[in-house]
Protein chains: 2
Amino acid sequence: MEDQKITSIKMAGKQSILFANPPVILSGSSVVGKKEGEGPLGSFFDQIEEDPMFGGTSWEDAESRLMKRAAELSIEKSGYQQDEIRFIVGGDLLGQLIATSFGIADLEIPIFGVYGACSTMGESMALGAILVDGGYANKVLAVTSSHFAGAEKQFRFPLAYGNQRPLATSWTVTGSGAVIIGNGDLAAEVTSKNKKDAVVKIKGVTIGKIVDYGVKDTMNMGACMAPAAYTTISQNLKDLNVQPNYYDRIITGDLGNVGKEILIDLLKQDGYDISSNHMDCGIEIFDPNTQDTHSGGSGCGCSAVTFTGYVMQKLKRKEWKRVLFVPTGALHSTVSFNEGNPVPGIAHGIIVEAE
Amino acid sequence: MEDQKITSIKMAGKQSILFANPPVILSGSSVVGKKEGEGPLGSFFDQIEEDPMFGGTSWEDAESRLMKRAAELSIEKSGYQQDEIRFIVGGDLLGQLIATSFGIADLEIPIFGVYGACSTMGESMALGAILVDGGYANKVLAVTSSHFAGAEKQFRFPLAYGNQRPLATSWTVTGSGAVIIGNGDLAAEVTSKNKKDAVVKIKGVTIGKIVDYGVKDTMNMGACMAPAAYTTISQNLKDLNVQPNYYDRIITGDLGNVGKEILIDLLKQDGYDISSNHMDCGIEIFDPNTQDTHSGGSGCGCSAVTFTGYVMQKLKRKEWKRVLFVPTGALHSTVSFNEGNPVPGIAHGIIVEAE
């Protein structure tokens, strides 16, 4: 939209960065479990694994193998060699990031370990784009993962306990998504390889603050995260001085049905109506009528695979031209929760465009 | 040294970055517990707190308060206002980084949560310097913390259990260190404020890989981390094409006495002798004869406060002109350990110079 044109500035407004030479997403990979494969987005994913253990011996081992597979697949799909990837930025939900530590050690690539709960894909992609745009790397791998059984064990109850799940709960996605972010100058190379497809670029990012509305219900993560999503989206629109329709879609990570309503209401307070172009990865990835997933999907993997599988396709085909991708995280730990603390949220925004 | 002159290149060798306009460390803060205050470096720390709870109600709450105090003090010492700090890069050892989430939420500054075990100060400072050098921020706060009692509870046994500690164990430092990293152009301003002191700059960084030698003894973290320190230091020397005496000191985080010996031996294999200029923060911070700390101090806070308290002083007084600061991390989790996995290590190198 002509009246909403923005210029490239490295420090845009209070929390945003716009890149001078926007990095290109050279490839994206999505590896998911059986349940995710049976969901509405099943046909968009690269690999669907029937074995919930991914050939491993524990849930943590399974998630490590899952992440490794997604990381290797993203490199393979990019057409570059493993030793051409200068850095990895990645993380997961498990304590001390063990899915990541054991998953990608074999790749022998220098790594920045990051933690933003389920917003981690946003943080990984933001730092990856900064490393590339700043000239510190030509190619960076950004990756994250989650596993339903590992997350239930880490945050709630072991599966064997068979606990009841309230309707506000979400279902942690078993999946890992990875992208290779490359220097903007590589756009021509990408175009020559895939003449049909648009080039997908990261135009900018909006880095989130920790937002705590005092919500203490760990069975209602949507309510914990919605205030953070609201803060980041509202700040993005202010920093860029644009209206919500600047984006074809504003895509949150895993708010689910409960969080979506809260987000839309909160943004209305600031005069922003996103009801017509908002999408939530958690709502899209499962069919609540047949898959018993209540409020929707969640976990680091939810936004990651929905982005690399589904959103990237829409952008490549130019069905959408500009998207604000906002992975949302609930900074939840059993220790802090059991000590009576609320669950603060965080969300990072990634401005993605098809060219 | 003239024959070891290096030029600024953003992609130096395989794992290093050299900054074109090296960021300045505008201030550093160190807040520690009573035991650390009684140690050999006690007089160098900004604040020594007698109350192990830091006025809080749990060990995690104590660590959050500790980190907040260090973060606020670093801002105060820098002479800038809180709202002039564009980003925070920070993390801690606890599952899901709860010390950080609850510690610095009140600051309302956009945050990148990071996890590199006890190497976290290296990762925070590296990303902080990248954000500043790249022009994405003028001032970034890099922070980390650890707390003896919180770490024992997280990784080993609750204190009340009164377990025996083998001689190879280290003692987690109760402390938090923070630095404000500013744009290189602010150097003149720093000089005019403190005419006596040298300006401390971050000249470059070497990002570490995950290194796993298969060590499974969680009571011997030095042995787990030494291979990672070796890999990062050796690569730094290769990337810059210099010899160990290029640095006045090569300072590892928390290898302790056992890890130090292994590191020196491993580097000899590559033809590097660092025996005369190596220093380990974990060895310096406690007196093993009177403080019962066995192999030395450890934890994110160990390298952080030794750097902000002691190393920064040495640099400001120009007693040392160039230092390679290498916080070392053991990617240890009770879950992965109990499942029979080894403890991989990681180490990030920060090239710091006094001008």
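Residues numbered from 1 in each chain as written. Chains lettered and ligands numbered in written order. Predicted model: local features only at pLDDT ≥ 70, side-chain atom pairs only at ≥ 80, totals over all residues.

A few points about the overall build of chain A
And step 1. The number of helices and strands found in chain A is 12 helices and 16 strands.
And step 2. At 19 Å, chain A has a C-alpha radius of gyration in line with the 20 Å of a compact globule built from 355 residues.
And step 3. When each of the 355 residues of chain A is scored for burial, the buried share is 64%.
And step 4. Taking all contacts inside chain A whose residues are at least 6 apart in sequence as the whole, residues at least 24 apart take part in 79%. (Helix = DSSP H or I, 4+ residues; strand = E, 2+ residues; numbered from the N terminus. Rg over C-alpha atoms; globule rule 2.2 N^0.38 Å. Buried ≥ 20, exposed ≤ 12 C-beta atoms within 10 Å, placed from the backbone. Contact = placed C-beta atoms within 7 Å.)

What to know about the relation of the copies chain B and chain A
And step 1. Overlaying chain B with chain A gives an RMSD of 0.0 Å, the required rotation being 180° about an axis along which the chain moves by 0.0 Å. Those values place the two copies in the arrangement expected of a two-fold rotation axis.
And step 2. Looking at chain B, 100% of its interface residues are interface residues in chain A too, so the copies touch through the same face. (Least-squares fit on C-alpha atoms with pLDDT ≥ 70 in both.)

Remarks on the nonpolar core
And step 1. In terms of nonpolar packing, the biggest core is built from 242 residues, with Leu-141 of chain A together with Leu-141 of chain B touching the most fellow members.
And step 2. Not counting chain neighbours up to four residues away, the residues in contact with Leu-141 of chain B comprise Ala-71, Ser-74, Ile-75, Ile-85, Ile-88, Ile-109, Ala-178 and Ile-180 of chain B. (Core = buried A, V, L, I, M, F, W, Y, C linked by C-beta atoms within 7 Å.)

Here's the deal with the interface of chain B and chain A
And step 1. If you look at the interface, chain B gives 46 residues, while chain A gives 46 residues.
And step 2. Elements with a contribution of two residues or more to the side of chain B that touches chain A: β4 (87-92), α3 (98-104), β5 (111-113), α4 (120-133) and α12 (334-338) of chain B.
And step 3. Per element, the largest residue contribution to the side of chain B that touches chain A is 4 residues, and it comes from α4 of chain B.

Let's talk about the domain arrangement of chain A
Residue and element names in this part refer to chain A.
And step 1. Taken domain by domain, chain A consists of domain 1 (23-182) and domain 2 (199-354).
And step 2. Counting residues at the interface gives 48 residues for domain 1, matched by 54 residues for domain 2.
And step 3. In terms of residue count, helix α4 (residues 120-133) provides more of the side of domain 1 that touches domain 2 than any other element does, 7 residues in total. (Domains from an automatic or database assignment.)

What about helix α5 (residues 148-155) of chain A?
Residue and element names in this part refer to chain A.
And step 1. Among the residues of α5, Phe-148, Gly-150, Ala-151, Gln-154 and Phe-155 are the ones counted as buried. Considered in projection along α5, the buried side chains sweep an arc of 165° and stay on one side of the axis.
And step 2. The inward-facing, buried residues of α5 abut α2 (59-78), β6 (139-146), β7 (171-172) and α12 (334-338). (Arc of directions from axis to C-beta.)

Description of the confidence of the model for chain A
And step 1. The predicted model of chain A has a mean per-residue pLDDT of 94, with 98% of residues at 70 or higher.
And step 2. ipTM for the predicted complex: 0.96, alongside a pTM of 0.97. (pLDDT = per-residue confidence, 0-100.)

A closer look at α2 of chain A
Residues spaced three or four apart along an α-helix face the same direction, because each turn holds 3.6 residues.
Residue and element names in this part refer to chain A.
And step 1. In this model, α2 (20 residues) spans 29 Å end to end at C-alpha, consistent with the 28 Å of a helix rising 1.5 Å per residue.
And step 2. Most of α2 is tucked away, with 17 of its 20 residues classed as buried.
And step 3. Just downstream of α2 lies Gly-79, where phi reads positive at about 85°. (Expected span 1.5 Å × (residues − 1).)

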